[in-house]
Structure formats: C-alpha cells, structure tokens
Amino acid sequence: MFIQAITLFPEMFESITEYGVTGRARKQDIWQFAAINPRQFADNKLGYIDDRPFGGGVGMVMMAEPLFCAIQAAKQQFSGSLKNSRVIYLSPQGQSLSHKKVLELSQLDNLVLLCGRYEGVDERVLQTAVDEEISIGDFVVSGGELPAMMLMDAVLRFVPNVLGEIASAEQDSFADGLLDYPHYTRPAEFQGMAVPDILKSGNHALIAEWRLEQSLRRTLTRRPDLLVSRELLPQETRLLDKIRQESDE
Ligand SMILES: CN1CCN(C(=O)c2nonc2N)CC1
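Residues numbered from 1 in each chain as written. Predicted model: local features only at pLDDT ≥ 70, side-chain atom pairs only at ≥ 80, totals over all residues. Heavy atoms only, no water.

S.K.: Teacher, can you tell me more about the nonpolar core here?
M.R.: Looking at soluble globular proteins, one finds that nonpolar side chains tend to be buried together. Counting 27 residues, the largest nonpolar core has Ile3, Phe13, Leu113, Leu151 and Met152 as the members making the most contacts within it. Listed by contribution, the elements that provide at least two residues to this core are strand 1 (2–6), strand 5 (85–96), helix 4 (99–105), strand 6 (110–114) and helix 6 (145–156). A per-element tally of this core places helix 6 first, with six residues. Contact partners of leucine 151, with chain neighbours within four places excluded, come to Leu90, Leu97, Leu105, Leu111, Leu113 and Ile134. Grouped together as the second largest cluster of nonpolar side chains are 21 residues, Leu8, Leu67, Ile71 and Val87 included. (Core = buried A, V, L, I, M, F, W, Y, C linked by side-chain atoms within 4.5 Å. Buried < 20%, exposed > 50% of the residue type's maximum accessible area, 1.4 Å probe, protein only. Helix = DSSP H or I, 4+ residues; strand = E, 2+ residues; numbered from the N terminus. Contact = heavy atoms within 4.5 Å.)

Right under this line is the structure:
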C-alpha cells in the first residue's frame, strides 16, 4: 500500500513512518509513504497557501489551487491499480471512521490523505478532488495530521505482514465487534491484586470462554450499542444470558 499525506508538517508523520510496527513494516517496504507539502505549489513568492474567508469570520482558509495541485501530484505517483485508490479529507464533517471502513481502506493500493489546517480547506477542493471525508470523532483538533496518522495506523494493521506472525489484527477488539477482554502479565500478584486463576490454569478452552465472557460483560456495560446490531453466536447468547441473570440478582 502506498500512502501519501498532503500536509504542511511532513515531519509529524515520522512518528508512524519511523517507529513501532508501522515504522518497521515501512522500512521493510511492506508499505510506502510520501508527504507532499502544498506550499511548493503556492503561486506566490512567499508561499502563501491560506487566505481570509469570503463572508468574513475568524481564521484563515487553505486555498484551493495549491491543494488541488498537490493532489494531482500525488495521483501521478500512484503505483498499482489507479482504480484501487482513494483521496480522503480528514474532518469533523466526515463519516465517522469505523472498523468496517478501516477494513475497506486496507484493501486499497493507493491512499491520499489531505490534512487541513486553519479553519479548513476551500470547499471547491472537496468538490473536485476528494473522494470522501472521514472523521475520527466528534471533537476538533488543530489539524488533520493526527487524525490521518490514527487512520493510517488502524488501516496498516490489516495490511498483510505489517503485524508479522505473532500479532494479528483479526484478534483486536472491534475485529469481532466486541470490546477487548482484560490483560494481565507478571507478577502474579501486584499490590495485593492477583491474576484470575483461570488464566494460570493452562486450560485453553476455559480461558477462551472466560475471555469471551469478559468481552461480552465489558461491551454490555460500556458499549451496549455495539450489541444491538451484532449477530450473536449460541455461546455468546448463553454467556450474555448468564451475565444478565447475574446483574438481575
Ligand atoms: C481543518 N481541520 C480541523 C480539525 N480536524 C479535525 O478535528 C478532525 N479531522 O478528522 N476528524 C476530526 N475530528 C481536521 C481538519
């Protein structure tokens, strides 16, 4: 997968291109990255890429021309199938990023992430050069770079070989539509708190059932909305009934 970020701050992306599992995978050429700074396409000597908003109001707006040129430049770098590509603008006005969308994006050959700053970008860029807008949550951050990196990290976990043999994104919480179960490691006792005995039993079937029950319990308690549209397996239905009976007692 070739990911390009259109950003005024290319260096920010070093946190995902140089570190952790994503950094290692990029260095192994399992995925590729390039940053394009729209300032190089400014048509003035001072490199202005923002201007005051028509209609007045606070702040500045990123101008259409430099961003449009940057997106065009990114498209000229595409590898693989041009059809299997997407240009995404990160913004609170977008569709909320979900596990389903992450899986969909992980199948692409090319991904261009437009990172806005200031009050946003000229609407005509969104109308002519952006395929979709995606939001990472109902809040506002200072720019699109951190949302872009969150999207990249989530997507890259589903690109083959990024996580390597040991870990697997398929076992992530949300991969099965449930919240994650509790995790423990040594020591067996910490500040008087022991690790649940079942986890030291070596009985993998019982451990798997305990973990599923914990995931269901957490999901029912913290995010019951996730259970509304989720098809339940017979074992899950049985465990949920047990959990609900306990809370009714
Ligand atoms: C112009 N800039 C405003 C701030 N911003 C976001 O708050 C955001 N992006 O994606 N999800 C979000 N929430 C990015 C775009």
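More follows now that the structure is in view.
S.K.: Which parts of the structure should I look at to understand the site of the ligand?
M.R.: The environment of the ligand is formed by 16 residues, the closest being Ser91, Ile136, Gly137, Phe139 and Val141. At a separation of 3.3 Å, an oxygen atom of the ligand approaches a polar backbone atom of serine 91. Here an oxygen atom of the ligand and a backbone polar atom of valine 141 are 2.9 Å apart. Relative to its free-state accessible area of 360 Å², the ligand is covered by the protein chains to the extent of 96%. Elements supplying a minimum of two residues to the shell around the ligand: strand 5 and strand 7 (132–135). Counting residues per element, the shell around the ligand draws most heavily on strand 5, which supplies four residues. Here the residues of the shell around the ligand sort into nine nonpolar, seven polar and no charged. (Near = heavy atom within 4 Å. Polar contact = N/O pair within 3.5 Å; in protein donor to acceptor, adjacent residues only side chain to side chain. Areas by Shrake-Rupley, 256 points an atom, 1.4 Å probe, with all protein chains shown as cover. Nonpolar A, V, L, I, M, F, W, Y, C, P; charged D, E, K, R; others polar.)

S.K.: Just checking my understanding: could you explain the confidence of the model for the protein chain for this structure?
M.R.: Atomic detail in the predicted coordinates should be set aside for any region of low pLDDT. Predicted confidence across the protein chain gives a mean pLDDT of 95, with 97% of residues reaching 70 or more. The ipTM for the predicted assembly is 0.99, set against a pTM of 0.93. (pLDDT = per-residue confidence, 0-100.)

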